[in-house]
Amino acid sequence: MVNRMKFYIDGAWVDPAVMKTVPVVNPATEERLYDVAVGSKADVDKAVAAARRAFETFSVTTREERIELLTRMIEAYKARAKDIALAISDEMGAPMMMAERAQAGSGLGHLMSTLQVLKDYHFEEKVGSAIVVREPVGVIGMITPWNWPLNQIACKVAPAIAAGCTMLLKPSEFTPTSALIFAEVMHDAGVPKGVFNLVNGLGPDVGVAMSEHTGIDMISFTGSTRAGIDVAKRAANTVKRVSQELGGKSPNVILEDADFLKAVSGGVASVFNNSGQSCNAPTRMIVPAAKMKEVAAIAKGVADKTKVGDPKAEGITMGPVVNRTQWDKIQALIKKGIDEGATLVAGGPGLPEGVNKGFYVRPTIFADVTNDMTVAREEIFGPVITILGAKDEADAVKIANDTPYGLAGYVSAGSVESANRVGRQIRAGNVNLNGVPNERTAPFGGYKQSGNGREWGKFGMEEFLEVKAIAGANPS
């Protein structure tokens, strides 16, 4: 039984300083699932004090001790993976197959890849007369989103543990249960008390207290660009390190010699996979202008075959979006696309046919979009794809880079060489060629307003390490 009325601080489940709750709503039914306690600055203070005490001993643990701890975390996670998937499906609407394989599975994947990184990593190197050592940053404040809850928790917590840091996690108030189960996983794995702490709460309360806290050495934040800017401003007064993974409006460039059926179908399916709620979703499809009608027809075919409905039902490939606020925002942007003159190829405003409740969005395709339209500029964060026409390859690259974001880019071409040539010109932290998925040991993060840090693999672990040069330690 998950205890939603307590926080996990200093190795124990404790009551909030002041009891205050918020409801958690099932987006598939619009029904209240339960209430969850939310914290305040007093709870943050308590958790940070515990993390600071724990840092004194955990920061000097050996690599072997942390390898053993991560190994236990992996086994404890496997034992609760189905519970985690069910909670994610209930709270953010992911279809069960996706919740089990992709959502819960991604958390396990990051734990396992981090374990391998730790086994292979060199914390010291010789540079002339100096020895350069890498040491844990300190106490980490982690603020994670609702759209990939365990993916983001695991890809912060695991490398922080590997680095020897202690931490305080504030998960999203929309998906608290999977995070609470993760806290149980940490407890079952025997994580030393105070190393991992969890306080549920709202951004203006717990998030602000963490960003401004003098006892937190670094903030690792994933969320909207707007919220990330606020976190960075508040963190600046204490000169703490801030690592951010923010919004995106990722281009999907399909070149003249690509396999259009494969590239277009794959790009559309990728966006619809999590109801469009992925910051790196390839939502701006850029194609040769002369191929616009052909591309639109292929995209429409995918949209028409997408099965939207109850996440627990068999054969469903797309569930609802997370809440009423997101649904209203998406509806307004779909209307904006129509009003600004984009061609509506599939979907549109309102609920899908046969659905009368839940925050479901019709899988929507716009063609004949220009890059000055609102639907091409703003992150919609829903199952909406815009198709833009380019005169040639150079124009496609220009359109791709004409965005304040730079999280991801996608290129499809007849050869890897052609795709790579264009991919190298896209100003983004991650570029996927010809449908190849991200490599979990390679870095993940953005350019421009998509962020300023990296996660995953050794690059993610190094975010949690300070670099110290000890001159004279290598006299030879």
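Engineer: Which parts of the structure should I look at to understand the pairing of strand S16 (residues 384-390)?
Structural biologist: Of all 7 residues making up S16, 6 are buried, and the element is well covered by its neighbours. Two elements, strand S13 (residues 284-288) and S16, share 5 bridges in a ladder whose sense is parallel. Paired with Pro 288 across the strands is Ala 390, a residue of S16. Relative to S16, strand S15 (residues 364-369) runs parallel, the two being bridged by 4 bridges. Note on S16: the bridge partner recorded for Phe 366 is Thr 386.

Engineer: When you look at unusual backbone geometry in this model, what are you seeing that I'm missing?
Structural biologist: Excluding glycine, a negative phi dihedral is what most residues carry, and trans is how most peptide bonds are arranged. In this structure, Val 239 is a non-glycine residue whose phi angle is positive, near 50°. On the secondary structure map, Val 239 appears in the loop between helix H7 (225-236) and strand S11 (241-245). The class for Val 239 is exposed, based on a relative accessible area of 73%. For Lys 448, which is not glycine, the phi dihedral falls at a positive 50°. Following the sequence through the fold, Lys 448 ends up in strand S20 (residues 447-448). On the accessibility criterion, Lys 448 (39% relative accessible area) is partly exposed.

Engineer: Looking at this model, I keep getting lost on empty space enclosed by the protein. Mind explaining?
Structural biologist: Summary: where empty space remains is shown by rolling a probe the size of a single water molecule over the atoms. Applying the stated criterion across every chain yields a total of 4 cavities of 30 Å³ or more. Size it by volume and the largest cavity reaches roughly 70 Å³. Forming the walls of the largest cavity are Gly 248, Lys 249, Gly 276, Ser 278, Cys 279, Ala 281, Thr 283, Glu 379, Ile 380, Phe 381, Gly 382 and Val 384. One number sums up the size of the second largest cavity: a volume of about 50 Å³. Surrounding the second largest cavity, 13 residues form its lining, Pro 251, Thr 403, Tyr 405, Gly 406 and Ala 408 being those nearest its centre. Elements supplying a minimum of two residues to the lining of the second largest cavity: helix H12 (393-401) and strand S17 (405-406). Looking at the lining of the second largest cavity, its residues break down into 7 nonpolar, 4 polar and 2 charged.

Rules of the game
- Residues numbered from 1 in each chain as written.
- Predicted model: local features only at pLDDT ≥ 70, side-chain atom pairs only at ≥ 80, totals over all residues.
- Heavy atoms only, no water.
- Buried < 20%, exposed > 50% of the residue type's maximum accessible area, 1.4 Å probe, protein only.
- Helix = DSSP H or I, 4+ residues; strand = E, 2+ residues; numbered from the N terminus.
- Pairing = 2+ DSSP bridges.
- 1 Å grid on protein atoms, 1.4 Å probe; cavity = no way out; pocket = protein on both sides within 12 Å on 5 of 7 lines; lining within 4 Å.
- Points joined across faces, edges and corners; volume = space filled by probe spheres on them.
- Nonpolar A, V, L, I, M, F, W, Y, C, P; charged D, E, K, R; others polar.

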